[in-house]
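The residues making up each chain are set out below.
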Amino acid sequence: MPIISSKLWKQLNNRMFKIILSVFLFLSGNCLCGQVSQPQKQISTLKFAGEYAYGSSAEKEEVGFASIYAESDSTILFYLDLNAGSPSLSMGAIYGRAKIKNATGLFATRIGSSEDSCQFSFKFKSNKLILQTLNGQYNCGFGHRVFVDGTFKRISKKNPAYFLNQETEKIYFKELKL
């Protein structure tokens, strides 16, 4: 009299086959298979990525927020959200791309059909971002008395995937069409 019936033996063999196949597929999917993985190079602008801010309350003073996304070794994407403070509480927001070299960058664009343009520089120093209007070209489409000029303190070093615009919509940097 057999210890294990042939039907039970087939079931055990079938289960063992499935287990062995599962283990093989799992291991082969995680195998380097003779390939040496190369460490990913960090892009050099990553050291500037993060969020920066100045001011504490628009009811009391000017406030500003900057979100900096490291796009490549030589470019960043940015979003600025600014408020002139009380009594006007005028606002302004802009996003774009800036080329960075030696911790300094430049942004320039025309807003609408204006003769004037919007030009400002980025300077990264320690945990600060200094923005300054260039050549009197401050026509960035902002409200009354709103300018980019200011020193922003770094509040986060994480490379942000997105920003929230003034309508609180989530905008992903990688999806921007610039």
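Before reading further, recall that the structure is shown in the block above.
We now turn to the structure provided with this report. Source: prediction; values computed, not measured. (Residues numbered from 1 in each chain as written. Predicted model: local features only at pLDDT ≥ 70, side-chain atom pairs only at ≥ 80, totals over all residues. Heavy atoms only, no water.)

1. Topic: the pattern of salt bridges
Then, in step 1: Per the stated rule, a full pass over the model turns up one salt bridge.
Then, in step 2: With its nearest N and O atoms 2.8 Å apart, the salt bridge here joins R97 to E71. Taken together, the residues R97 in strand β4 (residues 91–101) and E71 in the loop between β2 (63–70) and β3 (75–83) connect sequence positions 26 residues apart.
Then, in step 3: Relative accessible area serves as the criterion here: at 35%, R97 is assigned to the partly exposed category. (Salt bridge = Lys/Arg side-chain N within 4 Å of Asp/Glu carboxyl O. Helix = DSSP H or I, 4+ residues; strand = E, 2+ residues; numbered from the N terminus. Buried < 20%, exposed > 50% of the residue type's maximum accessible area, 1.4 Å probe, protein only.)

2. A word on the pairing of strand β8 (residues 150–156)
Then, in step 1: Bridge count between strand β1 (residues 50–54) and β8: three bridges; the pairing is antiparallel. Its bridge partner being in β8, A53 is matched across the sheet by K153.
Then, in step 2: Sheet topology note: the strand β7 (residues 128–138)/β8 ladder contains four bridges and is antiparallel. Bridging across to β8, K128 finds its partner in K153. (Pairing = 2+ DSSP bridges.)

3. Considering unusual backbone geometry
Then, in step 1: Looking along the chain, the bond that leaves S86 and enters P87 is cis, with omega of 5°.
Then, in step 2: One can find P87 in the loop between β3 and β4.
Then, in step 3: Even without being a glycine, A103 presents a positive backbone phi close to 65°.
Then, in step 4: Locating A103 in the fold gives a position in the loop between β4 and β5 (104–109).

4. Some points on the state of the cysteines
Then, in step 1: Taken as a whole and assessed by the stated rule, the structure comprises one disulfide.
Then, in step 2: Note that C118 is cross-linked by a disulfide to C140, the S-S spacing being 1.9 Å. What sets the handedness of the C118 and C140 disulfide is the S-S torsion sign, and at about 85° it is right-handed. A residue pair is termed long-range when its members are at least 10 positions apart, and C118 in strand β6 (residues 118–125) and C140 in the loop between β7 and β8 qualify at 22 residues. There is no split in this pair, since C118 and C140 are both buried. (Disulfide = S-S within 2.5 Å.)

5. Some details on the packing of aromatic side chains
Then, in step 1: Applying the stated criterion across every chain, the model contains 15 aromatic pairs.
Then, in step 2: Each member of the aromatic cluster is reached from another via a ring pair, and the members are F48, Y52, F78, F107, F120, F122 and F124.
Then, in step 3: The ring of Y162 has K170 sitting right over it, with the charged end atom 4.5 Å from the ring centre. (Phe/Tyr/Trp six-rings, centres within 6.5 Å; stacked < 30°, edge-to-face > 60°. Lys NZ or Arg CZ within 6 Å of the ring centre and 35° of its normal.)

6. As for the side chain of S121
Then, in step 1: Positionally, S121 belongs in strand β6.
Then, in step 2: Classification of S121 as buried rests on a relative accessible area of 15%.

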